[in-house]
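Chain by chain, the residues:
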Amino acid sequence: MGELDPDCVFCKIIRKEIPSVAVFEDEELFCFQDANPQAPTHLLLIPKRHVTGIDVATWKDADWLGRMLALVPSLAARTGIRKEGYRVVVNSGRAGGQTVFHLHLHLLGGRNMTWPPG
Ligand code: 5GP
Ligand code: ZN
């Protein structure tokens, strides 16, 4: 498993150096519970290599980025939030609210979401 950053918290989670509650894992993606959940269900879905955020994405990343999004309905079903509905969020950069600079998709559900987000 190459292309991990030894100083990145999510790379450490991928390496199991930091424990997490895993929900799904395959060759290129990993999904686990957020440690500070903002909804009854709050999952994080990440690539298993260090990509700093959505802002560095290009067309070359279309395949695995597409897989990330396409995985969402089954993750929502698996965690029981698919029927009622859920929210998918990607924060980008400081003003976008990004605090961990390893690309991650938030999947939130189990309560009614408000709009606009803060
Ligand atoms: P961001 O603000 O960058 O979009 O989201 C980062 C998310 O990662 C936050 O929701 C935060 O609770 C979560 N997080 C940060 N450190 C850890 C950790 O060590 N384990 C887990 N499971 N989640 C973490
Ligand atoms: Zn990383």
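What counts and what doesn't
Here, residues in each chain are numbered from 1, in the same order as that chain's written sequence. For naming, the first written chain is A and the first written ligand is 1, with later ones following in the order written. Only residues with pLDDT of at least 70 are given local features in this predicted model, and only at 80 or more are side-chain atom pairs given and counted; all residues enter the totals for whole chains, interfaces and linings. As a rule here, side-chain values cover all heavy atoms of the structure and leave hydrogens and water aside. Each metal's donors comprise the N, O and S atoms found within 2.8 Å of it (within 3.2 Å for Na, K or Ca). Water is not part of the atom list, so some coordination spheres may appear incomplete. Just to be clear on the cut-offs, tetrahedral is four donors with all angles between 85 and 135 degrees, square planar is four donors and octahedral six with opposite donors over 155 degrees apart and all others between 65 and 115, and anything else goes down as irregular. The way it works is that DSSP assigns letters per residue, a run of H or I at least four long becomes a helix, a run of E at least two long becomes a strand, and they are numbered from the N terminus. Throughout, exposure labels follow a simple rule: accessible area from a 1.4 Å probe, protein chains only, divided by the maximum for the residue type, with under 20% read as buried, over 50% as exposed, and the rest as partly exposed. What makes a residue near a molecule or strand is one non-hydrogen atom of that residue sitting within 4 Å of it. Any N or O atom pair separated by 3.5 Å or less is treated as a polar contact, with the protein-specific requirement of one donor-capable and one acceptor-capable atom, and with residues adjacent in sequence counted only for side-chain atom pairs. Areas reported here follow the Shrake-Rupley algorithm with a probe of radius 1.4 Å; residue values treat only the protein chains shown as occluding. A 1.4 Å probe that fits but cannot get out identifies a cavity on a 1 Å grid over protein atoms alone, an open set with protein on both sides within 12 Å along at least five of seven lines counts as a pocket, and a residue lines either if it has an atom within 4 Å of a point. To decide whether a molecule occupies a pocket or cavity, check its atoms: if more than half lie within 2 Å of the grid points, it is inside. The patch calculation keeps residues exceeding 30% relative accessible area without a salt bridge and links them within 9 Å when they carry like charges or within 5 Å when they are nonpolar (Val, Leu, Ile, Met, Phe, Trp, Tyr). The salt bridge criterion pairs a side-chain nitrogen of Lys or Arg with a carboxyl oxygen of Asp or Glu, the two atoms within 4 Å. In this analysis, strands are considered paired if DSSP registers two or more bridges between them.

Trainee: Outline the coordination of the zinc ion (ligand 2), listing residues and values.
Mentor: Within the protein, Cys8 (SG), Cys11 (SG), His50 (ND1) and His102 (ND1) serve as the donor atoms for the zinc ion (ligand 2), at 2.0 to 2.3 Å. Metal-centred angles of 106 to 115° between the four donor atoms at the zinc ion (ligand 2) mark the site as tetrahedral. Sequence positions of the residues that donate to the zinc ion (ligand 2) give the spacing C-x2-C-x38-H-x51-H. Placement of cysteine 8 in the segment before helix H1 (9-14) and of histidine 50 in the loop between strand E3 (41-47) and helix H2 (62-78) is noted, with a sequence separation of 42 residues between them. Classification of histidine 50 by relative accessible area gives partly exposed; the value is 23%.

Trainee: Go over the site of ligand 1 with me, naming the residues and quoting the values.
Mentor: Ligand 1 sits among 16 residues. The nearest are Asp34, Asn91, Thr99, His104 and His106. Alanine 35 places a main-chain nitrogen or oxygen 3.2 Å from a nitrogen atom of ligand 1. Note that an oxygen atom of ligand 1 is positioned 2.8 Å from one of the side-chain N or O atoms of histidine 106. Within the complex, 80% of the 520 Å² of free accessible area of ligand 1 lies under protein. More than half of the atoms of ligand 1 fall within 2 Å of the grid points belonging to the largest pocket. When contributions to the shell around ligand 1 are tallied by element, the ones reaching two or more residues are H1 and strand E2 (29-33). The element best represented in the shell around ligand 1 is H1, accounting for three residues.

Trainee: Could you give an account of a nonpolar patch on the surface, with specific residues and numbers?
Mentor: A cluster of nonpolar side chains, contributed by Leu69, Tyr86 and Val88, occupies part of the molecular surface with about 250 Å² of accessible area. As for its position among the elements, valine 88 is in strand E4 (residues 86-89). The class of valine 88 is partly exposed, set by a relative accessible area of 36%.

Trainee: Mind laying out the pairing of E2, listing which residues take part and the relevant values?
Mentor: Among the five residues that make up E2, four are buried, leaving the element largely enclosed by the rest of the structure. Pairing of strand E1 (residues 22-25) with E2 involves three bridges; the strand directions are antiparallel. Among the inter-strand pairings, alanine 22 is bridged to a residue of E2, identified as phenylalanine 32. Counting the residues between successive antiparallel strands, the hairpin from E1 to E2 contains three residues.

Trainee: Please give an account of the pattern of salt bridges that cites residues and values.
Mentor: Once their charged atoms are close, side chains differing in charge can pair, the charge on each being opposite to the other. This model, assessed by the stated rule, comprises seven salt bridges. A salt bridge links glutamate 17 to arginine 15; its shortest N-O distance comes to 3.8 Å. Glutamate 28 is the salt-bridge partner of arginine 67, the closest N and O atoms lying 2.6 Å from each other. Placement of the pair is arginine 67 in helix H2 and glutamate 28 in the loop between E1 and E2, with a sequence separation of 39 residues. Accessibility expressed as a relative area gives 34% for arginine 67, which makes it partly exposed. Among the charged side chains, a salt-bridge network with shared partners connects Glu3, Arg49 and Asp61.

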